[in-house]
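# Architecture at a glance
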Amino acid sequence: MMPVLPIQSITTSKECLHLGRLIVLTGPSGVGKGTLMRSLLQRHPELYYSVSATTRSPRPGEIDGKNYYFISQSKFKQLVAEGEFLEWAEFAGNYYGTPRQAVLNQIHSGKLVVLEIELEGARQIRVSFPSVLSIFILPPSFDELEKRIRDRAQDSEEAIARRLCRAQEEIKAADEFDLQIVNDDFETALNDIETALFK
Ligand code: 5GP
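Presented here is a report on the structure given in the accompanying data block.

Conventions adopted
- Residues numbered from 1 in each chain as written.
- Predicted model: local features only at pLDDT ≥ 70, side-chain atom pairs only at ≥ 80, totals over all residues.
- Heavy atoms only, no water.
- Helix = DSSP H or I, 4+ residues; strand = E, 2+ residues; numbered from the N terminus.
- Polar contact = N/O pair within 3.5 Å; in protein donor to acceptor, adjacent residues only side chain to side chain.
- Contact = heavy atoms within 4.5 Å.
- Buried < 20%, exposed > 50% of the residue type's maximum accessible area, 1.4 Å probe, protein only.
- Pairing = 2+ DSSP bridges.
- Near = heavy atom within 4 Å.
- Areas by Shrake-Rupley, 256 points an atom, 1.4 Å probe, with all protein chains shown as cover.

A few words now on the side chain of S29. With respect to the element layout, S29 can be found in the loop between strand 1 (21–26) and helix 1 (33–43). In this structure the side chain of S29 is engaged in a polar contact, spanning 2.8 Å, whose partner is the side chain of R163. Once you skip the residues sitting within four places of it in the chain, S29 turns out to touch F91, L145, I149, R152, R163 and E170.

Now the structure itself:
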């Protein structure tokens, strides 16, 4: 007869998840992932939001260590070489990465850990954590997405063009994800995410 293993020793992925769970939230730039994330964290402070490192410059109001760790390209490359990222990717001319150790510690302590990352990173996470719950946020339409990016007025015309081009690629990959949620009505989208996470 098979011995019954204590739950702590069950390996559920290549990265050895114990009790916690990893959630990946992806979607094109401007779709409203950030706002959904903030509301989710306000309503569920028990969630752990992984703060990424980026080589992008801070936007007005963004705080180092809260929104991102804003670091130089050379520092980013050094961290990549040292294996400090769980995943990383280039996006619209900048690099973004998820700090490995902080996330693993939180998962091992039983937390629900949420990563808000782009498509390439989500794909890397799926390889190392096959049990990840991956959610893709879709805009109601491409025109609406462009309007949201422009209304945000935070990016140059060149950056907007690059983000829209990347958005088309990302949307094509939406069905790689476990769940697709359209962010048309904000409350509905938020409730859909909560249902996926907690019910
Ligand atoms: P933004 O510059 O608008 O803050 O982010 C650009 C894109 O990078 C967004 O799609 C965001 O989800 C993604 N992103 C943020 N942090 C990470 C990360 O650590 N890894 C990856 N792969 N993408 C990230």
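So, about the pairing of strand 6 (residues 94–99). Walk down a regular strand and you will see the side chains alternate between the two sheet faces. The element strand 6 is extensively covered by neighbouring structure, given that five of its six residues are classed as buried. Across two bridges, strand 3 (residues 52–54) lies against strand 6 in antiparallel orientation. Bridge assignment links T54 to a residue of strand 6, and that residue is Y96. As judged from the six bridges shared by strand 5 (residues 85–91) and strand 6, these two strands associate in the antiparallel manner. Residue A89 lies in a different strand from strand 6, and its bridge partner there is Y96. Linkage of strand 5 to strand 6, two consecutive antiparallel strands, is achieved through a turn of two residues, within which A92 is found at a positive phi near 45 degrees.

Below, the discussion takes up the site of the ligand. Surveying the vicinity of the ligand reveals 16 residues, the closest of which are S52, R56, Y68, Y96 and E118. In the environment of the ligand, a nitrogen atom lies 2.7 Å from a nitrogen or oxygen atom belonging to the side chain of E87. Here an oxygen atom of the ligand and a side-chain polar atom of T98 are 3.4 Å apart. Burial of the ligand by the protein chains amounts to 95% of its free accessible area of 510 Å².

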